[in-house]
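The residues making up each chain are set out below.
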Amino acid sequence: MSTESFTVLKYPLTTEKNVKLMNQENKLVFIVDRRSDKPQIKKSAEELFKIKVIKVTTTILPSGEKKAYLKLSAETPALDVATQLGLL
């Protein structure tokens, strides 16, 4: 596991909206390094959490932080990963 994985993903976001995304769309939401690109984010998440990421969507927040939405495969429930992280 590379140390790059730890610098790309900063921390997970757990708001009511994000918990809803976990339940309904099987997505996890992270604040990531602003310089990271989608392939780096996907690789880091797959290495750190042993999950299969189908799609990565990013957005830059008004605060200047970068938010990434990770769509997980059906065999990896987002709720299980969130529970593993101690978010729920």
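Just so we're clear, the structure is a prediction, and the values are computed from it rather than from any experiment.

Reading guide: rules and limits
- Residues numbered from 1 in each chain as written.
- Predicted model: local features only at pLDDT ≥ 70, side-chain atom pairs only at ≥ 80, totals over all residues.
- Heavy atoms only, no water.
- Buried < 20%, exposed > 50% of the residue type's maximum accessible area, 1.4 Å probe, protein only.
- Helix = DSSP H or I, 4+ residues; strand = E, 2+ residues; numbered from the N terminus.
- Pairing = 2+ DSSP bridges.
- Core = buried A, V, L, I, M, F, W, Y, C linked by side-chain atoms within 4.5 Å.
- Contact = heavy atoms within 4.5 Å.

1. Digging into the pairing of strand S2 (residues 27-32)
Both faces of the sheet carry side chains from a regular strand, because those side chains alternate between them.
Here is step 1 of the chain: Burial within S2 is extensive, with six of its six residues counted as buried.
Here is step 2 of the chain: Burial along S2 is two-sided: the face carrying Lys27, Val29 and Ile31 and the face carrying Leu28, Phe30 and Val32 are both buried.
Here is step 3 of the chain: Across six bridges, the pairing between S2 and strand S4 (residues 66-72) is antiparallel. Looking across to S4, one finds that valine 29 is bridged to tyrosine 69.

2. A closer look at the nonpolar core
Here is step 1 of the chain: Core analysis: the largest hydrophobic core is formed by 19 residues, its most contacted members being Leu9, Leu28, Ile41, Phe49, Leu70 and Leu72.
Here is step 2 of the chain: Of all elements in the fold, only S2, helix H3 (38-49), strand S3 (53-60), S4 and helix H4 (78-85) reach the threshold of two or more residues within this core.
Here is step 3 of the chain: When residues of this core are assigned to their parent elements, the largest contribution, four residues, is made by H3.
Here is step 4 of the chain: Not counting residues within four places of it along the chain, the set of residues in contact with leucine 72 comprises Asn26, Leu28, Ile51, Lys52, Val53, Ile54, Pro77, Ala78 and Val81.
Here is step 5 of the chain: Counting five residues, the second largest nonpolar core, distinct from the first, contains Leu13, Leu21, Val29 and Ile31.

By themselves, these are just geometric observations and shouldn't be taken as functional.
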